[in-house]
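The chain contents come next:
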Amino acid sequence: MTIKQMREIKEKRGYSYAQLSEFTGVPAITLQKIFSGKTKSPRVATLNAIEKVLGGNEELFQGKAFEYEKSGYSTGDDHGNILREEEPVFGNPDGIKYGNPGKRQGEFTLDDYYALPDEQRVELIDGVFYDMSAPRVVHQDISYVIHSAIADYIKKNKGKCKAFSAPVDVQIDCDDKTMVQPDVLVICDREKIKGFGIYGAPDFLVEILSKSTRKKDMTIKLTKYSEAGVREYWIVDPHKRVLIIYNFMEEDLMPVVMPLKGEAPVAIYDGKLKISLDEIAASIDEFGE
């Protein structure tokens, strides 16, 4: 069975990388690299483990309600080899836009994400692609102010956490349906830092609003980050000149809204680290919103 055939069965059964990892015993990150093509020569033992599951009886490895014959696949022989494939559905604008004419928004996976050209900046959230425009200068400068303050604090206090700024891929749900790129993030569990990016929920996240990302950052991402286990989420709104803070460590999830004046304490550091909001306001004054 080829990797292409394995990938097709995986998608048809609706397996996430986490599910397939549980069934095969192969780490999810290894599966992701194999199916995305990053691993050019997978170990034979690894491929055999994957084929044993994907070529076997799905009743033993329950995904979504999938039946070979009804979905257009035929097992063909006793070895589980695929003899015919379902015809792709062409002419779909969503799929054409993102390089896969057989899919619609909500159906895309990390395979589609990695297949996009490097210059096409997008985020993938629950199978839906969201276009990302290039960040404006003010966006980058605010990111620098926040990231440098956190990184300096960590270094000065010899902390175990790491601060990153975009672009860095964050596979926040550890599945194959979501990949986000927050503007600033802090990771305290070093095991989550992988070669491709971050695997799991960061402890602290910052999103800097723009006209094209406002709704996504304030609604879709807010819910996603809260459910994924992020401890603290900051939203900087250059247009309204406010900082919105969500402390998910508290039972009261009401946000704190602060004008861009003075300093703002970072809750994951018990308020000992404070970010200068005056610097953020100065950046907006200099470069515009």
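Residues numbered from 1 in each chain as written. Predicted model: local features only at pLDDT ≥ 70, side-chain atom pairs only at ≥ 80, totals over all residues. Heavy atoms only, no water.

(A) Representation of the overall build of the protein chain in the model. Looking only at helices and strands, one finds 10 helices and 12 strands in the protein chain. Split into buried and exposed, the 289 residues of the protein chain put 47% on the buried side. Counting only contacts in the protein chain whose residues sit at least 6 apart along the sequence, the fraction spanning at least 24 positions is 52%. Only carbon and sulfur atoms are counted for the fraction: they give 51% of the accessible area of the protein chain, which is about 14900 Å². (Helix = DSSP H or I, 4+ residues; strand = E, 2+ residues; numbered from the N terminus. Buried < 20%, exposed > 50% of the residue type's maximum accessible area, 1.4 Å probe, protein only. Contact = heavy atoms within 4.5 Å. Areas by Shrake-Rupley, 256 points an atom, 1.4 Å probe, with all protein chains shown as cover.)

(B) Summary view of the state of the cysteines. The final tally for this structure, using the stated rule, is one disulfide. A disulfide bridge connects C161 with C188, and the sulfur atoms are separated by 2.1 Å. Because the torsion about its S-S bond is 95°, the bridge between C161 and C188 counts as right-handed. Residue C161 is found in the loop between helix 8 (137–156) and strand 3 (162–165), and its partner C188 is found in the loop between strand 5 (184–187) and strand 6 (197–199); the two are separated by 27 residues along the sequence. Taking relative accessible area as the criterion, C161 reaches 7% and is therefore assigned buried. The exposure class assigned to C188 is buried, which follows from its relative accessible area of 12%. (Disulfide = S-S within 2.5 Å.)

(C) The nonpolar core, seen in detail. Ranked by size, the top nonpolar core spans 31 residues in total, and within it I146, I150, V186, W234, Y269 and I280 carry the most contacts. Secondary structure elements with two or more residues in this core: helix 8, strand 5, strand 7 (204–208), strand 8 (232–237), strand 9 (242–247) and helix 10 (277–287). With sequence-adjacent residues up to four places away left out, I280 is seen in contact with I142, V145, I146, V236 and L260. V26, I29, I50 and V122 belong to the second largest nonpolar core, which has 26 residues in total. (Core = buried A, V, L, I, M, F, W, Y, C linked by side-chain atoms within 4.5 Å.)

(D) Inspection of helix 1 (residues 3–13) at higher detail. Buried within helix 1 we find Q5, M6, E8, I9, K10 and R13. Phi for G14, located one or two positions after helix 1, is positive at around 80°.

(E) Broad picture of the environment of Y246. Relative to the helices and strands, Y246 resides in strand 9. Considering only alpha carbons, one finds Y246 and E232, 14 residues apart in sequence, at a separation of 5.8 Å. With near-sequence residues (within four places) excluded, Y246 lies in contact with L222, R231, E232, Y233, I235, L253 and P255.

(F) Spatial organisation of the pattern of salt bridges. Going through the model one piece at a time under the given rule, you end up with 14 salt bridges. Here E123 ties to K221 by a salt bridge, and the two come within 2.6 Å at their closest N and O atoms. You can see E123 sitting in strand 1 (residues 122–125) and its partner K221 sitting in helix 9 (residues 214–228), a full 98 residues away along the chain. Here E123 and K221 have matching classes, each one buried. Where K224 meets D173, a salt bridge forms, and the shortest distance between an N and an O atom there is 2.6 Å. One end of the pair, K224, is in helix 9; the other, D173, is in the loop between strand 4 (169–171) and strand 5, with 51 residues separating them in the sequence. Its relative accessible area of 8% is what places K224 among the buried residues. Exposure remark for D173: the relative accessible area of 28% places this residue in the partly exposed category. A network of salt bridges, in which partner residues are shared, links E123, E207, K216, D217 and K221. (Salt bridge = Lys/Arg side-chain N within 4 Å of Asp/Glu carboxyl O.)

Keep in mind these numbers describe shape, not what the thing actually does.
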